[in-house]
Amino acid sequence: MTLAKPDTSATPSTLAATTIARAYAVQMHGDQKYGTHPYVFHLDAVVALLQPYGDTAQVIGYLHDVVEDTEATVSQVQERFGDLVARCVSLLTDAPGANRKERKAKTYAALAQVTGDEELALVVKAADRLANVRACVADGHRALWDTYRGEQPTFRAAAFRAGQCDALWAELDALLLPERAPT
């Protein structure tokens, strides 16, 4: 699935879906924070990166953490936003594990198997990681940047598909070069 070209087919109903997804995510995340910001700060950053990839990608972008970090379920996401969105959100939700390394290993193994329409989840995951790394660089979070840098080879092997969202990957790779480390 190649998603390199911008999607210009927005309709009022799909724009409404993006607005509804944002409102739902804001409600579900409640008082959660992203650093010192309300959580929607992160979601808006991810969705801004997803604008060239269409409305469905943006809906998934708003919902990508809702099952992992709130009381929302995949079934509730499916009921509100449809099968594809729910499947992608499920793929983006870390599998249970004893620690980050174990959770990410399971999640990356699942992402490596993704094909077809669900590859949209990989675009959202790349945007999510890029937004996180941008924030690390901007805010000087060296320890978290080191974590992302250490995971990058495994993450890239699982989630990268040539021609899919190459611009996101190029910036992500550049931000994880040793000379870009936060100080």
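In the block above lies the structure referred to throughout.
This report concerns the structure included in the present document. (Residues numbered from 1 in each chain as written. Predicted model: local features only at pLDDT ≥ 70, side-chain atom pairs only at ≥ 80, totals over all residues. Heavy atoms only, no water.)

### Focus: the overall build of the protein
A tally of helices and strands in the protein yields 10 helices and 2 strands. Secondary structure elements in the protein, listed N-terminal to C-terminal, are α-β-β-α-α-α-α-α-α-α-α-α. For 183 residues, the compact-globule estimate of 2.2 N^0.38 gives 16 Å, and the C-alpha radius of gyration of the protein, at 16 Å, lies within 12% of that figure. In terms of its C-alpha atoms, the protein occupies a principal-axis envelope of roughly 45 × 35 × 30 Å. (Helix = DSSP H or I, 4+ residues; strand = E, 2+ residues; numbered from the N terminus. Rg over C-alpha atoms; globule rule 2.2 N^0.38 Å.)

### Remarks on the nonpolar core
Counting residues in hydrophobic clusters, the biggest one holds 54 residues, and the most contacted among them are L50, I60, L63, V77, F81, V85 and L168. No other element matches the 12 residues that helix α8 (residues 120-139) contributes to this core. Contacts of V85, omitting those with residues within four sequence positions, involve T56, V59, I60, L63 and V77. (Core = buried A, V, L, I, M, F, W, Y, C linked by side-chain atoms within 4.5 Å. Buried < 20%, exposed > 50% of the residue type's maximum accessible area, 1.4 Å probe, protein only. Contact = heavy atoms within 4.5 Å.)

### Observations regarding the pattern of salt bridges
Two side chains that carry opposite charge are able to pair once their charged atoms sit near each other. Across all of its chains, the model carries 10 salt bridges by this definition. Across the pair D146 and R142 runs a salt bridge whose closest N-O atoms are separated by 2.9 Å. Here D146 pairs with R142, and both are found in helix α9 (residues 142-159), just 4 residues apart, close to one helical turn. Overall, the relative accessible area of 37% leaves D146 in the partly exposed class. The class for R142 is partly exposed, based on a relative accessible area of 39%. (Salt bridge = Lys/Arg side-chain N within 4 Å of Asp/Glu carboxyl O.)

### A word on the packing of helix α3 (residues 55-63) against helix α6 (residues 83-92)
α6 packs onto α3 with a crossing angle of 45° between their chain directions and a minimal axis gap of 10 Å. The pairing of α3 with α6 is recorded here as oblique in orientation. Relative to α6, α3 is oriented so that their crossing is right-handed. For the pair α3 and α6, the contacting residues are T56, V59, I60 and L63 in the first and L84, V85, C88, V89 and L92 in the second. Here the contact of α3 with α6 is built from residues that sort into 8 nonpolar, 1 polar and no charged. (Axes fitted to C-alpha atoms, helices over the stretch in contact; angles between N-to-C directions. Parallel < 35°, antiparallel > 145°, perpendicular 65-115°, else oblique. Left-handed = near helix turned anticlockwise from the far one by under 90°. Nonpolar A, V, L, I, M, F, W, Y, C, P; charged D, E, K, R; others polar.)

Purely spatial values, then, with no claim about function.
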